[in-house]
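Remarks on the overall topology
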Amino acid sequence: MTAETESAQQPEHRQEDVPPRSRRGTAAAWLTTTDHKRIALLTLGTALVLFIVVGVLALVVRAQLTLPDQHLVSNDFYNGLFTIHGSGMIYLVVTPVAIALGLYLVPLQVGAPAVAAPRLAMTGFWLYLAGTVLIFAGFATALGPAAGGWYAYPPLNSSRYLPGTGQSLWIAGVFIAVLGMIFQAGTVLWTALLKRAKPVTLMRMPVFTWSSIATNLMVIGAFPSLLAAMGLLAWGRVFPNIFTENLWNIAYQHLFWFFAHPVVYVMFFPFVGVVAEVLSTFSGRRFFGYRATVVSLLTFAAFSMSVWGHHMFSTGQASNDYYSLTSILLLVPAGVEYFGFLATVIGGQLRFTVPMLFAIAFVPQFLIGGLTGIMVATPVIDYQVTDSYFIVAHWHYTLAAGSLFGMFAAFHFWFPKATGLLLDERLGRWQFWLLTIGTNVTFLPMFWLGLEGMPRRIATYLPQDGFTTANVIASAGAVLIALSVIVTIANVVTSVRDRRRPAGDDPWQGFTLEWATSSPPPPTNFDREHPLPRVPSFAPLLDERAREEGEERTGDDPTEHGGLRSGGGR
Amino acid sequence: MSPAAGLKGAAPAHVVGLWATLNGALALAILFYDPGPLPVVLHLLGTTLVAIYGVAVLVTLRRRGTGPQLRLPYRSVAAGATGVAVLVLCLAWVYGVWVLALLPYPLVVAVIMAVRGERLSAAAADASGAPALRAPRSVPVDRAPTSDEVRDRALEIHHAQQRRRRGEAT
């Protein structure tokens with residue numbers, strides 16, 4: 001064939017939906033991608049970097065509080081540190097990880113080649129990144145970063161009491177970062193509900209996908225309330241007089257907590273799904289009580305929308321009866337989920353891999369966070385411990401001892417899928433034990449500090465207050481947490497650099513569809529070499545293995561009598 | 001279509017709808033405890049947002065817009081430009097309206113890219129010269145297609161041919 005005829009047969013345009021292999025690795029390909037996995041990895045990578053940055057701020061806070069009457073940083077800067085630590089962890093780390101984990105996994109788990117509206121999802125990432133830049137830009141302003149706490153109550157946060165550009169940048173940053181998360185959540189929810197592969201019916205979706213659905217329903221319903229709250233605060237920055245009317249201060253609190261209670265559930269629901277997947281995989285059994293768990297996840301999410309007022313008991317502007325009743329009702333769906341966890345593990349053939357260790361630790365530690373949450377949602381207790389370190393301890397047991405363990409379970413479980421490389425088990429176990437001991441040593445004494453009367457958000461205290469011993473213990477625990485993070489970084493760096501442990505497609509003998517494709521998955525998730533298997537239930541690969549084992553045992557080959565067989569070429 | 005089949009087919013909308021209904025009931029229950037209007041209104045507004053999402057799901061189901069996402073833009077420059085535009089708007093609130101002078105640039109890029117720049121032309125073809133109207137390809141399935149899937153595929157090809165005839169982009 002001559003060069004002329006060859007060029008004549010070339011099409012005028014090339015298919016450019018999937019960049020050629022040579023271009024897929026470039027920075028431009030990553031930054032303009034429409035591949036849900038890459039968008040998710042960009043979001044997750046940014047969040048994990050911020051986790052380290054915001055964690056360093058917490059170490060400075062702990063260093064300041066270790067001994068009485070210390071002044072490592074000024075009081076104003078201390079306010080900035082705990083504000084950026086709290087708001088950073090919530091708005092920029094755990095929430096984005098919770099949503100982006102769904103962005104990565106949900107299309108794979110429902111057998112879809114792509115996420116719905118990928119450009120909207122990518123817009124979500126850019127807004128999140130822009131919000132991050134704005135929030136941290138406060139450190140470069142004359143009066144320092146935002147210093148009004150992650151809830152930014154007026155009138156303190158009006159321009160009259162907290163002047164300076166840092167606070168305004170924080171409001172703008174939170175607004176657009178959260179807007180970005182709404183965009184991503186909307187696309188993931190749409191994909192799970194409407195873009196599934198045909199064989200994947202709703203009741204064949206894995207527990208993680210259902211947890212992602214419940215999470216994203218809360219995002220759609222509750223997150224716009226924060227946009228309204230930030231809008232009100234922005235208005236108050238321009239016209240601070242509006243906050244002389246208490247109506248607007250209370251209205252702000254309603255708007256804020258209508259977002260801020262569900263966001264707690266947004267920050268742990270996906271990890272409940274993660275723990276369910278990890279426990280069932282490493283117990284070698286399908287998840288116990290699947291249907292009940294699905295119903296309980298959705299009910300739990302709905303109830304979580306109606307408990308926000310328990311954060312406002314001490315204002316006297318919220319009904320004690322209603323909000324404490326709905327808060328206590330949460331125990332029922334939570335109990336169903338916990339029953340599912342335990343019943344899956346009991347009697348299973350357990351494999352104590354690193355993700356399994358994190359998942360097992362999640363169960364009792366998150367229980368402490370949850371039960372103390374019910375305690376503080378009871379008015380008589382709340383009036384005693386509100387604004388004390390008891391709340392700090394409860395909050396950190398929920399997010400650090402709970403969600404963070406779910407996050408690391410997910411990290412160790414799906415890292416091989418995303419990179420094609422296994423992490424080092426020995427370093428993983430070091431990380432696990434350092435984190436487990438560090439977390440409990442840091443946050444358990446804070447319950448005692450709260451009951452002893454140590455208030456939140458104080459920059460220092462006096463020796464005669466009696467807070468020293470518990471603070472020294474808590475700070476020692478924080479060092480262990482920092483060490484565990486260093487071990488994690490070393491684990492990732494050495495694993496990626498040396499590439500000595502290729503993962504294969506399914507290193508854990510997983511149950512769900514993402515383990516049926518390559519590691520990392522191809523651009524459109526499933527291809528000729530990795531077709532979508534049969535999906536008879538929410539654990540299709542377990543079914544497949546059981547069927548193949550049955551065939552081997554009986555010598556029966558269904559293809560001989562017209563049946564369909566997996567694993568064969570097409 | 002039998003009513004049972006219709007119910008089953010609309011299951012995703014029912015999930016969202018039931019969730020919104022439960023939220024609505026919880027919102028109205030506040031009235032028995034708290035006479036103030038703000039919590040009820042706030043809760044009902046949140047519920048309405050979810051309900052609107054549910055209606056969008058229902059409309060999509062009725063229009064048979066379900067099944068894997070098969071058409072994709074091949075890049076997302078518009079997304080980055082939109083992010084920059086929103087960033088500029090926020091900076092204008094913080095530093096003053098003069099920042100808005102920067103707004104047209106990312107906005108124009110976002111609009112042009114969203115409308116034209118990131119879609120494949122009707123004449124686009126893949127490496128083998130086959131029409132690339134619907135890209136990426138459907139997920140390969142490890143079994144023989146059912147008759148429903150054969151019918152759906154035929155319908156997709158028919159629609160693709162119609163779009164191609166009209167010279168529409170994907």
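Residues numbered from 1 in each chain as written. Chains lettered and ligands numbered in written order. Predicted model: local features only at pLDDT ≥ 70, side-chain atom pairs only at ≥ 80, totals over all residues.

**A look at the overall build of chain A**
What counts is decided by this rule: The helix and strand labels rest on DSSP assignments: H or I over at least four residues marks a helix, E over at least two residues marks a strand, and numbering proceeds from the N terminus. C-alpha atoms define the radius of gyration, and 2.2 Å times the number of residues to the power 0.38 defines the globule rule. To assign burial, the other C-beta atoms lying within 10 Å of each residue's own C-beta are counted, with C-beta atoms placed from the backbone; 20 or more indicates buried, 12 or fewer indicates exposed, and intermediate counts indicate partly exposed. What counts as a contact here is a pair of residues whose C-beta atoms, placed from the backbone, lie within 7 Å.
Counting its secondary structure elements, chain A contains 19 helices and 1 strand. At 25 Å, chain A has a C-alpha radius of gyration in line with the 25 Å of a compact globule built from 570 residues. Burial statistics for chain A: of 570 residues in total, 56% are counted as buried. Excluding contacts between residues fewer than 6 apart, the proportion of contacts in chain A whose partners are at least 24 apart in sequence is 83%.

**Remarks on helix α7 (residues 165-194) of chain A**
The following threshold applies: By this rule, a helix spans an expected 1.5 Å times one less than how many residues it contains.
With 30 residues, α7(A) should reach 44 Å at 1.5 Å per residue; the first-to-last C-alpha distance of 43 Å fits that figure. The buried fraction of α7(A) is high, at 29 of 30 residues.

**Examining the environment of A:Phe405**
Residue and element names in this part refer to chain A. Secondary-structure assignment places Phe-405 in helix α16 (residues 389-419). For Phe-405, a count of 26 C-beta atoms within 10 Å puts it in the buried group. If we skip the residues at most four places from it in the chain, Phe-405 touches Phe-358, Ala-361, Phe-362 and Gln-365.

**Re the domain arrangement of chain A**
Residues and elements named next belong to chain A. For clarity, the cut-off: The source of the domain bounds is an automatic or database domain assignment. Polarity classes work like this: nonpolar for Ala, Val, Leu, Ile, Met, Phe, Trp, Tyr, Cys and Pro, charged for Asp, Glu, Lys and Arg, and polar for all others, with Gly in that last group.
Here chain A is described as being made up of domain 1 (32-259) and domain 2 (268-501). The C-alpha-based centres of domain 1 and domain 2 are spaced at 19 Å. Of the residues lining the interface, 40 residues belong to domain 1; the matching set on domain 2 comes to 41 residues. In terms of residues, the side of domain 1 that touches domain 2 owes the most to one element, helix α8 (residues 207-238), which gives 11 residues. Tallied by class, residues from the side of domain 1 that touches domain 2 come to 25 nonpolar, 13 polar and 2 charged.

**What about the packing of helix α10 (residues 269-283) of chain A against helix α14 (residues 354-376) of chain A?**
All names here are of chain A. The following threshold applies: Every axis corresponds to a line fitted to the C-alpha atoms, with the helix fit spanning only the stretch in contact, and the corresponding angles, defined between N-to-C directions, vary from 0 to 180 degrees. Just so you know how the angles are binned, under 35 degrees is roughly parallel, over 145 roughly antiparallel, 65 to 115 roughly perpendicular, and the rest oblique. A crossing counts as left-handed when the near helix is turned anticlockwise from the far one by less than a right angle, and as right-handed when that turn is clockwise.
Relative orientation of the contacting elements α10 and α14 amounts to 125°, with a least axis distance of 9 Å. In terms of their interaxial angle, α10 and α14 are classed as oblique. Every pair of crossing elements has a handedness; the one defined by α10 and α14 is left-handed. Contact with α10, carried on its side by Phe-271, Val-275, Val-278, Leu-279 and Phe-282, involves Pro-355, Met-356, Ala-359 and Phe-362 of α14 and no other residues of that element. Among the residues forming the contact of α10 with α14, the class breakdown is 9 nonpolar, no polar and no charged.

**What about helix α2 (residues 11-33) of chain B?**
Taking 1.5 Å per residue, 23 residues should reach 33 Å; α2(B) reaches 34 Å between its end C-alpha atoms and fits that length. Listed as buried for α2(B) are B:Pro12, B:Ala13, B:Val15, B:Val16, B:Trp19, B:Ala20, B:Asn23, B:Ala27 and B:Ile30.

**What about the packing of helix α4 (residues 36-65) of chain A against helix α5 (residues 75-109) of chain A?**
Residue and element names in this part refer to chain A. At their nearest, the axes of α4 and α5 sit 8 Å apart, and the two run at 155° to each other. Comparing the axis directions of α4 and α5 gives the class roughly antiparallel. You can see that α4 and α5 cross each other, and the crossing is left-handed. Taken together, the residues of the contact of α4 with α5 break down into 25 nonpolar, 5 polar and 1 charged.

**So, the UniProt feature "transmembrane region" (unreviewed entry) in chain B**
Residues and elements named next belong to chain B. Threshold: UniProt positions are given in the numbering used here, feature names are shortened, and annotations may be inferred rather than shown by experiment.
Within the UniProt annotation, "transmembrane region" (unreviewed entry) is assigned to residues 12-33 and 39-60. The span residues 12-33 is 100% helical and 0% strand by assignment, and the distance between its end C-alpha atoms comes to 33 Å. Strand forms 0% of residues 39-60 and helix 100%; the C-alpha atoms that close the span are 32 Å apart.

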